[in-house]
Amino acid sequence: MNLHVSSRDIGERTLDIVSEMKSLEGPLLPILHEIQAEFGYVPQEALPIIARELNLSRAEVHGVVSFYHDYRDHPAGRHVLKLCRAEACQSMGGDALAERVKSLLGIDFHQTTLDGAVTLEPVYCLGLCSTAPAAMLDGEVYGRLDADAVRDLIAEVRT
């Protein structure tokens, strides 16, 4: 993931990615995933290139990017903490846990701490309903969270 690139570099790398992947069946989602893996987000400058190369309208590409919650329109922090907001987690104290995390980080959902360490995102099921409330930190899932456990998770990524 390279966060410091020029618009020209974004355009060139986007074109490379699209060229490599456009022969796939249904290439838009894999292309968007690869672009986000490359830059840490899906830059606005990439959308018209993707649209042109896939013979789609800009509105179609923008619609897909804005529909799926996993695509970001700005770079994330070094760590991404996703808190489950589904009913099972909420019924097991997920709301209070979310408020605790927001307080510890000093941010709300879809925000990144000022030091760039952590981005907080809601997710609407991690498949850990039997171990609610749950979270995912940098792709690793955690269940049966409580205030102490999230404090420890946050301390781990803030150091």
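It should be noted that the structure appears before, not after, this text.
Keep in mind it's a predicted model, so treat the numbers as computed, not measured. Sequence order sets the numbering: in each chain, residues are counted from 1 along the sequence as written. A pLDDT threshold of at least 70 governs which residues receive local features in this predicted model, and a stricter bar of 80 or more applies before side-chain atom pairs are shown or counted, although totals over entire chains, interfaces and linings include all residues. Each side-chain value is worked out from all heavy atoms of the structure, with water and hydrogens disregarded.

A separate point is the overall build of the protein. Where helices and strands are cited, they refer to DSSP runs of H or I of at least four residues and of E of at least two residues respectively, numbered from the N terminus. Helix and strand counts for the protein come out as six helices and five strands. N-terminal to C-terminal, the α/β element order of the protein is α-α-α-α-β-α-β-β-β-β-α. Each principal axis of the C-alpha atoms in the protein carries an extent, and together these give about 50 × 30 × 20 Å. When a residue's accessible area, from a 1.4 Å probe over protein chains only, is under 20% of the maximum for its type it is buried; when over 50% it is exposed; and in between it is partly exposed. Among the 159 residues that make up the protein, the fraction classed as buried is 42%. Whether two residues touch is decided by their heavy atoms; if any such pair falls within 4.5 Å, the residues are in contact. Here the analysis covers contacts within the protein between residues at least 6 apart in sequence; of these, 61% occur between residues at least 24 apart. Roughly 8,800 Å² of accessible area belongs to the protein as shown, and the carbon and sulfur atoms make up 51% of that amount. Two residue types count as positive, namely Lys and Arg, and two as negative, namely Asp and Glu; His and chain ends fall outside the count. The atom standing in for a charge is NZ when the residue is Lys, CZ when it is Arg, CG when it is Asp and CD when it is Glu. With 14 positive and 24 negative side-chain charges, the protein shows a spacing of 2 Å between the two charge centroids. Where accessible areas are quoted, they stem from the Shrake-Rupley method and a 1.4 Å probe; at the residue level, only the protein chains shown are allowed to cover.

In terms of nonpolar packing, the biggest core is built from 19 residues, with Ile31, Leu32, Ile35, Val42 and Ile50 touching the most fellow members. Listed by contribution, the elements that provide at least two residues to this core are helix H1 (7–21), helix H2 (28–39), helix H3 (46–54) and helix H4 (58–67). Setting aside anything within four residues of it in sequence, one finds Leu32 in contact with Val42, Ile50, Val64, Val65 and Tyr71. In this structure, Leu81, Phe109, Leu120 and Leu145 belong to the second largest nonpolar core, which totals 18 residues. Throughout this description, the term nonpolar core refers to a set of buried Ala, Val, Leu, Ile, Met, Phe, Trp, Tyr and Cys residues connected via side-chain atoms within 4.5 Å.

Let us look at the pattern of salt bridges. For salt bridges, the criterion is a side-chain nitrogen of Lys or Arg within 4 Å of an Asp or Glu carboxyl oxygen. One pass over the full model with this rule turns up 13 salt bridges. A salt bridge links Arg72 to Glu121, with the shortest nitrogen-to-oxygen separation between them at 2.9 Å. In this pair, Arg72 is assigned in the loop between H4 and strand E1 (79–84) and Glu121 in strand E3 (residues 118–123), connecting sequence segments 49 residues apart. Neither residue differs from the other here; Arg72 and Glu121 are each classed as buried. Where Arg151 meets Asp152, a salt bridge forms, and the shortest distance between an N and an O atom there is 3.5 Å. Residue Arg151 is classed as partly exposed on the basis of its relative accessible area, which comes to 37%. One network of salt bridges, with partners in common, ties together Arg13, Glu20 and Glu38.

Here we come to the sheet that holds E3. For two strands to be treated as a pair, DSSP must find at least two bridges joining them. Strand order across the open sheet formed by five strands is E2-E3-E1-E4-E5, with mixed pairing between neighbours. Each edge of the open sheet is held by one strand with a lone partner, namely strand E2 (111–112) and strand E5 (140–142). Pairing of E1 with E3, which is carried by six bridges, proceeds in the parallel orientation. Paired with Leu81 across the strands is Leu120, a residue of E3.

To count as a disulfide, a pair of cysteine sulfur atoms needs to be within 2.5 Å. Across all of its chains, the model carries zero disulfides by this definition. Cys125 forms no disulfide, and the closest cysteine sulfur to it belongs to Cys129, at a distance of 4.1 Å.

Helix axes are fitted only over the stretch in contact, all axes being lines through C-alpha atoms; the angle between N-to-C directions runs from 0 to 180 degrees. The interhelical angle for the contact between H2 and H4, taken along N-to-C directions, is 65°, at an axis separation of 11 Å. Where H2 crosses over H4, the handedness of that crossing is right-handed. When H2 is examined against H4, the residues Leu28, Leu29 and Leu32 are found in contact with a partner set consisting of Val61, Val64 and Val65. Here is the rule for handedness: rotate from the far helix to the near one, and if that takes an anticlockwise turn smaller than a right angle the crossing is left-handed, while a clockwise turn gives right-handed.

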